[in-house]
Each structure stands twice: as structure tokens, then as C-alpha cells.
Amino acid sequence: MQASKGILAALALATVSGALQAADEVVVYSSRIDELIKPVFDAYTRETGVRVKFITDKEAPLMARIKAEGENTPADLLLTVDAGNLWQAEQMGILQPLGSAVVKQNIPSQYRSSNDAWTGLSLRARTIVYSTERVDPAELSTYEALADDEWEGRLCLRTSKKVYNQSLTATLIETHGAEKTEEIVRGWVDNLATDVFADDNAVIQAVDAGLCDVGLVNTYYYGRLHKADPQLKARLFWPNQQDRGVHVNLSGIGLTRHAPHPEAARQLVEWMTGEQAQSIFAGTNQEYPANPAVQPSEEVAAWGEFKADTIPVEVAGKRQAEAIMLMDRAGWR
Ligand code: FE
């Protein structure tokens, strides 16, 4: 009698602690590298006791995996970069609304899905980088003006296969329509100094090395290279300050449709949009906090303030297919 009571009690305890453990963890599939996300998750675990398990891979395989795992997915959250990618995830039906008033309060609506499927966590501008040796910033004005004849043989671009350029082109289509955008993009292609590059670092290095005079890059790549070499002969310029502003994109996160721990996941996202996490998360990769109440790091603030385009970034997803075809027609490889 005593013994069986003891066994029953032990069984009950095991069940309870099993349930507690399940709620005390959140699983994140992340296309951002460990060193960018681990400091944030570690801080969350220290503060709340909730463990954050994550796996990292490229966004396409992660999204395919969540889709294939279906109701059995261990993933609560998908963390990735670019509104174009998050929009794709939304279209695949692998996300569900976050349903958090805290997130809506913390993050401006232009950096969230209009269906509440994902939210931005950090921001980056895709802007002009120029040679401090061969370009007077007074010669620069807009993205569009880089298509002018004066930049012939002076522009460097990354490949059009990268979602960052597809998103930039998508917002140009939203602003100018397809015909005018194709004209602009053709102008860029005509002005190329050399073949397109595989990544943004190569574009900045080409400007620094004198291979080209101007390029288009995400701000944090400049931040990294400038930190490694303060003598870098390249600087950032904020275009379109007299009209719509600089193209800003994001890294962001969405709750998976079949998240095993939706409530714990929601709480983690709410915390990630709050002040402490925003500083760590944005600061680690020299990005801008998506929560406007939080200041960027000193090194990021040193690039100067700028007016950002207020276009909802999900346009990058909505017009992605159109942008890809347009870039192809215009000969952007
Ligand atoms: Fe990047």
C-alpha cells in the first residue's frame, strides 16, 4: 500500500515536471548565425529560466523543413533576414498570427506583416557606399541617379540572385511602377564597372580598392569592414533624403503554425522586441533596433541620422517575383 502510493506519487511528479519542462523551452529555427543570436537567447534564459534551443541553416531549407514536419514540427519560431523571405514563409502557410499587443506596441507597423504573421527585430539600410578618394558626396543624391551617365563604368553591384537586391527593386517598382524601374535598373547595369559580386563585402572592398566608385550595400557589412579597418577608403551615403528616404529592410521572426509552445514563444518574441534584447540583438551585428524607443549602438549612430522610406517592407515580398523578372530583363545577373 505504502509502496504503490509512493510509485503513484512519483509518477504524478514525473508527469508534472515533464509538462513544466515542455513549457520551459522554446525552439527556434534560425538562418542567422549562432554568434548573433546566442547572446540574446542566453540573456533570456538567465532572466526567465526558459531554455531556447535553436538550429541554424539557410532560410530555404529551414522553411522547407517546417513545411515537411507539419504538425510534428519541433520549431516554435522561424528567425530569418529580409521581409522577402518572411513573406515567402507566410505564403507557404507555415506561420500563424503572433497575436501580441506588446509586439504591436514595440515595433512600427511598416516593419510587421499586415497579417501579423511576422515582426521585424532589427533593421538595416541598403544604401550607397562611395569611395572617399574618387567621389565627392555632393555628387550623390538618389538610387535612381546612379543610372545617370556620369556613373558609367563606376558602379559595383551584388548579384540579383540575392534577396536584398530583389527587395530593393520591389520597393522601386512600388514607387515608380515597372516601366520606370526597368529603366533605372538598366541604367545601373549599363554603369557597372565590373561583373556583379557574390556578396556585399566584395562590393565594399572593390570600392576601397579603386575598382569602382560607388555601390549598394547593407549597412552592417560596412560596419564590420570599417571596424576591422578604420582606414577603409569607403563611406556610407544616405540617398533620397529629399523624397521618400533610404530603403530599410529587416531581420525578423514568425510563430510557426504548429508551434508546440506557442505561449512561451510569444513571450520570447515580446521580450526580443523590448529594450534590453533590442540593444543586444541589433548591437551584435551593427544593425538598428526595430523598436524606435531603443538607441542604436555608438558605432552605428556614428554613420549619421537619415530619413527612412516609410513603405511597408512586406512590399518586398509581394513584388518579389515581379522584381526578379524585371532584373532578369534588364540584364542584372
Ligand atoms: Fe546579410
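How each quantity is defined
Residues numbered from 1 in each chain as written. Predicted model: local features only at pLDDT ≥ 70, side-chain atom pairs only at ≥ 80, totals over all residues. Heavy atoms only, no water. pLDDT = per-residue confidence, 0-100. Contact = heavy atoms within 4.5 Å. Axes fitted to C-alpha atoms, helices over the stretch in contact; angles between N-to-C directions. Helix = DSSP H or I, 4+ residues; strand = E, 2+ residues; numbered from the N terminus. Parallel < 35°, antiparallel > 145°, perpendicular 65-115°, else oblique. Left-handed = near helix turned anticlockwise from the far one by under 90°. Nonpolar A, V, L, I, M, F, W, Y, C, P; charged D, E, K, R; others polar. Buried < 20%, exposed > 50% of the residue type's maximum accessible area, 1.4 Å probe, protein only. Phe/Tyr/Trp six-rings, centres within 6.5 Å; stacked < 30°, edge-to-face > 60°. Pairing = 2+ DSSP bridges. Domains from an automatic or database assignment. Buried area = accessible area lost by both parts, 1.4 Å probe. Salt bridge = Lys/Arg side-chain N within 4 Å of Asp/Glu carboxyl O. Patch = residues over 30% accessible without salt bridge, like charges linked within 9 Å, V, L, I, M, F, W, Y side chains within 5 Å. Areas by Shrake-Rupley, 256 points an atom, 1.4 Å probe, with all protein chains shown as cover. Lys, Arg positive; Asp, Glu negative; His and termini not counted. Charge placed at Lys NZ, Arg CZ, Asp CG, Glu CD.

1. Notes on the confidence of the model for the chain
Per-residue confidence for the chain gives a mean pLDDT of 94, with 93% of residues at or over 70. For residues 1-21, every residue scores under 50 in pLDDT, and the model assigns this stretch zero contacts once sequence neighbours within four places are set aside.

2. Considerations on unusual backbone geometry
Of note in this structure, Asp82 is not a glycine but carries a positive phi near 75°. Non-glycine residue Asn240 carries a positive phi angle of around 55°.

3. Focus on the packing of helix 6 (residues 163-176) against helix 7 (residues 178-190)
Two elements in contact, helix 6 and helix 7, have axes separated by 7 Å at closest approach and are oriented at 135°. In terms of orientation, helix 6 and helix 7 fall into the oblique class. By crossing handedness, the relation of helix 6 to helix 7 is classed as right-handed. When helix 6 is examined against helix 7, the residues Leu168, Thr169, Leu172, Ile173 and His176 are found in contact with a partner set consisting of Ala178, Lys180, Thr181, Ile184, Val185 and Trp188. In the contact of helix 6 with helix 7, the residues fall into seven nonpolar, three polar and one charged.

4. Quick look at the environment of Arg329
Looking at where Arg329 falls in the secondary structure, it is placed in helix 14 (residues 320-329). Overall, the relative accessible area of 44% leaves Arg329 in the partly exposed class. Remark: the alpha-carbon pair of Arg329 and Arg186, spanning 143 residues in sequence, is separated by 8.7 Å.

5. Topic: the packing of aromatic side chains
What describes a pair of aromatic rings is the distance from one ring centre to the other and the angle between the planes of the rings. Tallying each qualifying case throughout the model produces eight aromatic pairs. On the basis of an interplanar angle of 80° and a centroid distance of 5.8 Å, the ring pair of Trp188 and Trp332 is categorised as edge-to-face. Of this pair, Trp188 sits in helix 7 while Trp332 sits in the segment after helix 14; the two residues are 144 residues apart in sequence, bridging distant segments of the chain. The buried category is assigned to Trp188, whose relative accessible area is 0%. Note on Tyr288 and Phe306: the rings are 5.6 Å apart at their centroids and 85° apart in plane angle, and the pair reads as edge-to-face. With a gap of 18 residues between them, Tyr288 in strand 10 (residues 288-289) and Phe306 in the loop between helix 12 (298-301) and helix 13 (315-318) connect regions that are remote in the sequence.

6. Let's talk about the pairing of strand 5 (residues 119-131)
A regular strand places its side chains on the two faces of the sheet in alternate fashion. Of all the 13 residues making up strand 5, 13 are buried; the element is thus mostly covered by neighbouring parts of the structure. Here strand 5 runs beside strand 9 (residues 247-256); their pairing, made up of seven bridges, is antiparallel. Bridge pairing links Gly120 to Gly252 in strand 9. The pairing of strand 5 with strand 10 spans two bridges and is classified as antiparallel. Looking at strand 10, one finds that Leu123 is bridged to Tyr288. Summarising the sheet, strand 5 and strand 7 (residues 214-218) pair through five bridges and their orientation is antiparallel. Bridging from a neighbouring strand, Arg126 pairs with Asn218 of strand 7. In terms of strand pairing, strand 5 meets strand 8 (residues 234-237) through four bridges, oriented antiparallel. If you follow Val129 over to strand 8, its bridge partner there is Leu236.

7. Concerning the pairing of strand 7
Summarising burial for strand 7: five of the five residues are buried, a large majority. The alternating pattern of strand 7 places Val214, Leu216 and Asn218 on one face and Gly215 and Val217 on the opposite face, and all of these are buried. Here strand 6 (residues 155-156) runs beside strand 7; their pairing, made up of two bridges, is parallel. Its bridge partner lying in strand 7, Cys156 is registered against Gly215.

8. Comments concerning the domain arrangement of the chain
Domain annotation for the chain reports domain 1 (25-123 + 249-296) and domain 2 (124-247 + 308-329). Counting residues at the interface gives 22 residues for domain 1 and 22 residues for domain 2. With both chains or domains summed, domain 1 and domain 2 bury close to 1800 Å², and 48% of this area falls on carbon and sulfur atoms. Ranking the residues of domain 1 by area buried against domain 2 places Gln110, Asn249 and Gln286 at the top, with a combined share of 33%. Summed over the shared surface of domain 1 and domain 2, the number is one salt bridge. The partner of Arg124 in a salt bridge is Glu287, with the nearest N and O atoms 2.8 Å apart.

9. A short note on a negative patch on the surface
On the surface, a cluster of negative charge is contributed by Asp136, Glu139, Asp148, Asp149, Glu150, Glu152 and Asp190. Within the secondary structure layout, Asp149 lies in the loop between strand 5 and strand 6. Under the relative-accessibility criterion, Asp149 is labelled exposed at 67%.

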